[in-house]
Amino acid sequence: TGSTTGGPAVEPTRLQVIFASLQQVGVPYSYGGATPRGFDCSGLVQYVFASAGYTLPRTAAGQHSAAAPLPLAEAAPGDLLFFRDRGTTSHVGIYIGDGRFVHAPRTGRSVALETFETSYWRNRFAGAGRVIPRL
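Residues numbered from 1 in each chain as written. Predicted model: local features only at pLDDT ≥ 70, side-chain atom pairs only at ≥ 80, totals over all residues. Heavy atoms only, no water.

The helix and strand inventory of the protein chain stands at four helices and eight strands. Helices and strands in the protein chain line up, N terminus first, as α-β-β-α-α-β-β-β-β-β-α-β. Relative to the globule expectation of 14 Å for 135 residues, the C-alpha radius of gyration of the protein chain, 14 Å, shows essentially globular dimensions. In terms of principal-axis extent, the alpha carbons of the protein chain reach across some 40 × 30 × 25 Å. Looking at the protein chain residue by residue over its 135 residues, the buried ones come to 45%. Long-range contacts, defined as pairs at least 24 residues apart, comprise 53% of the intrachain contacts of the protein chain with a sequence gap of at least 6. (Helix = DSSP H or I, 4+ residues; strand = E, 2+ residues; numbered from the N terminus. Rg over C-alpha atoms; globule rule 2.2 N^0.38 Å. Buried < 20%, exposed > 50% of the residue type's maximum accessible area, 1.4 Å probe, protein only. Contact = heavy atoms within 4.5 Å.)

Below is the structure:
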């Protein structure tokens, strides 16, 4: 069983995280939000991973500390991407593959699918992290 991209198959728990994150696209950003009524970046991650049976810390920095670090080249769909502002991890997104991630950007925006190819995100990249072990 392979994926349509020719890579390894994506484990069911990772698929659940990917689908749950995509289902939240369009939900408004809400500072401190952690429900489908409104999310901030780490609230979105916490909510989506809870739906797959994983308990994560509430903040992006806490989630960064809780995730096993890995090189971006090894990031798989369902892993986390962390971003920093002024030296501290301040943002997190859920990697879905092909250089794309789902995140809750900022006040006035909604949960969105974003590309890592923009210089804005590349310049702020703080690392990738794994919560769900690979089979």
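The next point concerns the environment of Asp85. Following the sequence through the fold, Asp85 ends up in strand β4 (residues 80-85). The partly exposed category is assigned to Asp85, whose relative accessible area is 32%. Within polar-contact distance, the side chain of Asp85 engages the side chain of Arg86 at 3.1 Å. (Polar contact = N/O pair within 3.5 Å; in protein donor to acceptor, adjacent residues only side chain to side chain.)

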